[in-house]
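Here is how the chains run, residue by residue.
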Amino acid sequence: MRTLQRFTATAAALAAGALIATSMAAPAQAAATKDKPVDITKVIVKDYVFTSKNSGKLAGLGKRCVNVPMSLKYTEFTKNAHKNWAGVVGLGDRATLEPDFFYEAPSMATSYGSNLDASAFVCDRAGRYDFQVLDTESLDGKKSFENPTLVQGSFYVRQDAATTLTAKRSGKTVTLTAKATYFNVKTGKTSAYNPKGATVQVKSGSKWVKVNKKVTFKGGKATIKVSQKAKKSYKITFKATTTVIGKTSKAVTK
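Quantities reported herein were computed from a predicted structural model and do not represent experimental measurements.

**Let's talk about the overall build of the chain**
Scanning the chain from N- to C-terminus turns up one helix and 19 strands. Within the span of the chain, comprising 254 residues, buried residues form 45% of the whole. Counted over contacts in the chain with a minimum sequence separation of 6, partners at least 24 positions apart contribute 68%. When the accessible surface of the chain is summed, it comes to about 13900 Å², and 49% of that surface belongs to carbon and sulfur atoms.

**Some remarks on the state of the cysteines**
With the rule as written, the count across this model stands at one disulfide. A sulfur-sulfur distance of 2.1 Å marks the disulfide that ties Cys65 to Cys123. Here the disulfide of Cys65 and Cys123 is right-handed, its torsion about the S-S bond being about 110 degrees. Here Cys65, found in strand β4 (residues 63-76), pairs with Cys123, found in strand β7 (residues 118-123); they are 58 residues apart in sequence, far enough to count as distant.

**Comments concerning the pattern of salt bridges**
Counted by the stated rule, this structure contains two salt bridges. Taking the shortest distance from any N to any O, the salt bridge between Arg158 and Asp47 comes out at 3.4 Å. Note that Arg158 is positioned in strand β10 (residues 152-159) and Asp47 in the loop between β1 (38-45) and β2 (48-50), a separation of 111 residues in sequence. Across the pair Asp130 and Arg128 runs a salt bridge, and its minimum N-O distance is 2.6 Å. In this structure Arg128 comes out as partly exposed when scored by relative accessible area, which is 33%.

**Overview of unusual backbone geometry**
The backbone phi angle of Asp124 is positive, close to 55 degrees, even though this residue is not glycine. Considering the arrangement of structural elements, one finds Asp124 in the loop between β7 and β8 (127-138).

**Digging into the environment of Gly153**
Inspection of the secondary structure puts Gly153 in strand β10. Residues Gly153 and Asp130, spaced 23 residues apart in sequence, show a C-alpha to C-alpha distance of 5.8 Å. Apart from the residues within four sequence positions on either side, Gly153 is in contact with Tyr129, Asp130 and Phe131.

**Some remarks on the side chain of Ser233**
For Ser233, the location among the structural elements is in strand β17 (residues 233-238). A polar contact is formed between the side chain of Ser233 and the side chain of Thr253, at a distance of 2.7 Å.

**Examining the nonpolar core**
Counting residues in each nonpolar core, the largest one holds 24 residues, and the members touching the most others are Leu176, Val200, Val215, Phe217, Tyr234 and Ile236. Only β11 (161-170), β12 (173-184), β14 (199-204), β16 (221-227) and β17 provide two or more residues apiece to this core. Ranked by residue count, the leading element in this core is β12, at five residues. The residues contacting Leu176, other than those within four sequence positions of it, are Leu165, Thr166, Ala167, Val200, Ala222, Thr223, Ile224, Val226, Tyr234 and Val252. In this structure, Val38, Val66, Phe131 and Phe183 belong to the second largest nonpolar core, which totals 20 residues.

**Describing the pairing of β16**
With burial as the criterion, only one face of β16 is covered, namely that bearing Ala222, Ile224 and Val226; the residues Lys221, Thr223, Lys225 and Ser227 on the opposite face remain uncovered. Looking at chain direction, β12 and β16 are connected through seven bridges and run antiparallel. Paired with Val174 across the two strands is Val226, which belongs to β16.

**Examining the packing of aromatic side chains**
All told, the structure shown has five aromatic pairs when counted by the stated rule. Centre to centre, the rings of Tyr129 and Phe155 are 5.4 Å apart; their planes meet at 10 degrees, and the pair counts as stacked. Of this pair, Tyr129 sits in strand β8 while Phe155 sits in strand β10, and the two are 26 residues apart along the sequence. Here Tyr129 matches Phe155 in class, with each residue buried. Counting every residue linked through ring pairs, the aromatic cluster contains Tyr129, Phe131 and Phe155. Above the plane of the ring of Tyr129 lies Arg125, whose end atom (NZ or CZ) is 4.1 Å from the centre. Stacked on the ring of Tyr156, the Lys or Arg Arg158 has its end atom at 4.4 Å from the ring centre.

**Remarks on the confidence of the model for the chain**
Counting all residues, the mean pLDDT for the chain is 76, and 68% of those residues have values of 70 or more. Throughout residues 1-33 the model reports pLDDT below 50, and contacts reaching past four residues in sequence, or to other chains, amount to 73 contacts. Note on residues 93-116: pLDDT under 50 across the span, and 79 contacts to partners over four residues away in sequence or across chains.

What counts, and where the lines are drawn
- Residues numbered from 1 in each chain as written.
- Predicted model: local features only at pLDDT ≥ 70, side-chain atom pairs only at ≥ 80, totals over all residues.
- Heavy atoms only, no water.
- Helix = DSSP H or I, 4+ residues; strand = E, 2+ residues; numbered from the N terminus.
- Buried < 20%, exposed > 50% of the residue type's maximum accessible area, 1.4 Å probe, protein only.
- Contact = heavy atoms within 4.5 Å.
- Areas by Shrake-Rupley, 256 points an atom, 1.4 Å probe, with all protein chains shown as cover.
- Disulfide = S-S within 2.5 Å.
- Salt bridge = Lys/Arg side-chain N within 4 Å of Asp/Glu carboxyl O.
- Polar contact = N/O pair within 3.5 Å; in protein donor to acceptor, adjacent residues only side chain to side chain.
- Core = buried A, V, L, I, M, F, W, Y, C linked by side-chain atoms within 4.5 Å.
- Pairing = 2+ DSSP bridges.
- Phe/Tyr/Trp six-rings, centres within 6.5 Å; stacked < 30°, edge-to-face > 60°.
- Lys NZ or Arg CZ within 6 Å of the ring centre and 35° of its normal.
- pLDDT = per-residue confidence, 0-100.

Laid out in structure tokens, this is it:
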């Protein structure tokens, strides 16, 4: 079956030393065919951010790969079932579920250690990842059970970003210059970023208020002119997209 083929490929990658947080448990005596060894009831995944510090290329793959931690809730139906079974999760877009990673429940650790955590193995791509628990298979590949509980979800892998704001005054005109960059996971370099919908805010009393000026970035830079006699503090902010995090600059006063 397709999930088993992908599971086998992942296991081979582990044997070759690929950077995957989970480890293969040693096969034990298989459970009876009538058994339902495990029921995954919940998968919790926090969003992940690629940065220049956490995304070096993986030897042998030539890609920047990370393990996105997953927290699993599950019920074991069979005594010592955790020694015999591994779960398979489908990972893909909204229309297609292609199994691109697998997990082992934390209790599956045997001679390889204990309290192993599950993780999603993601390489060279930012964006939304949808997943679904597919089934549970024996480590010898001879038996498979559909997971009793339908478990679906999604998480985001985004690229890091940075922004700065500087200000100059000429009379009552304040010229604000904003710059923005992001970490491009495919190139491994910091690139100019043109965020959409960025806004400049001015501090009024104890609150920050949006300045009614359109902010247009080009080549990672935007210039905004504000008419203001009094000395004020300003900052620029933009929201997260599916591939890049949101960011707010430090405040400048002019």
